[in-house]
Amino acid sequence: MLGNTRKNIQIGATIEIVQKHHQRNGELTKGVVKRILTNSANHPHGIKVQLETGEVGRVKSIL
C-alpha cells in the first residue's frame, strides 16, 4: 500500500520510509510509526512520520 494518503497510516503500523539524506539513492528504512507529522490528507511524496527510533522520513510503503 502506498504511503501518500494520511488515513492509510496508523500509529504502531510497520512501514518503510525514505529519509531526507537517502532520497537520491532511495534507501528505505523499516520501522514502527510513533507520530504522523504531515497534517494534510495527501502528499505526493509520501506522508512524513517519525519512527519509534526517532528517525523521520516520508512513507513509501505500509507493510
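Residues numbered from 1 in each chain as written. Predicted model: local features only at pLDDT ≥ 70, side-chain atom pairs only at ≥ 80, totals over all residues. Heavy atoms only, no water.

## Quick notes on the environment of Lys7
With respect to the helices, strands and loops of the structure, Lys7 is situated in the segment before strand 1 (14–18). Looking at Lys7, the relative accessible area reads 68%, which means it is exposed. Placed 40 residues apart in sequence, Lys7 and Ile47 show a C-alpha to C-alpha distance of 9.9 Å. (Helix = DSSP H or I, 4+ residues; strand = E, 2+ residues; numbered from the N terminus. Buried < 20%, exposed > 50% of the residue type's maximum accessible area, 1.4 Å probe, protein only.)

## With respect to the sheet that holds strand 1
What holds strands together in a sheet is hydrogen bonding between their backbones, with the strands either parallel or antiparallel. Strand order around the closed barrel formed by four strands is 1-2-3-4, with antiparallel pairing between neighbours. Adjacent strand axes in the sheet meet at a mean angle of 75°, parallel and antiparallel pairs treated alike. The sheet contact formed by strand 3 (residues 48–51) and strand 4 (residues 56–62) spans three bridges and is antiparallel. Across the sheet, residue Val49 finds its bridge partner in strand 4, namely Gly57. (Pairing = 2+ DSSP bridges. Axes fitted to C-alpha atoms, helices over the stretch in contact; angles between N-to-C directions.)

## Overview of the confidence of the model for the protein chain
Low pLDDT means the predicted atomic positions in that stretch should not be read closely. Per-residue confidence for the protein chain gives a mean pLDDT of 95; residues scoring 70 or more make up 100%. Within the protein chain, the element-level pLDDT minimum falls on strand 4, averaging 96, and the maximum on strand 3, averaging 98. (pLDDT = per-residue confidence, 0-100.)

## Digging into the environment of Lys30
Locating Lys30 in the fold gives a position in strand 2 (residues 28–36). Here Lys30 falls in the exposed class, since its relative accessible area comes to 59%. The sequence separation of Lys30 and Ser61 amounts to 31 residues, and the corresponding C-alpha distance is 9.4 Å. Setting aside residues up to four positions removed in sequence, Lys30 forms contacts with Thr14, Ile15, Glu16, Leu51 and Leu63. (Contact = heavy atoms within 4.5 Å.)

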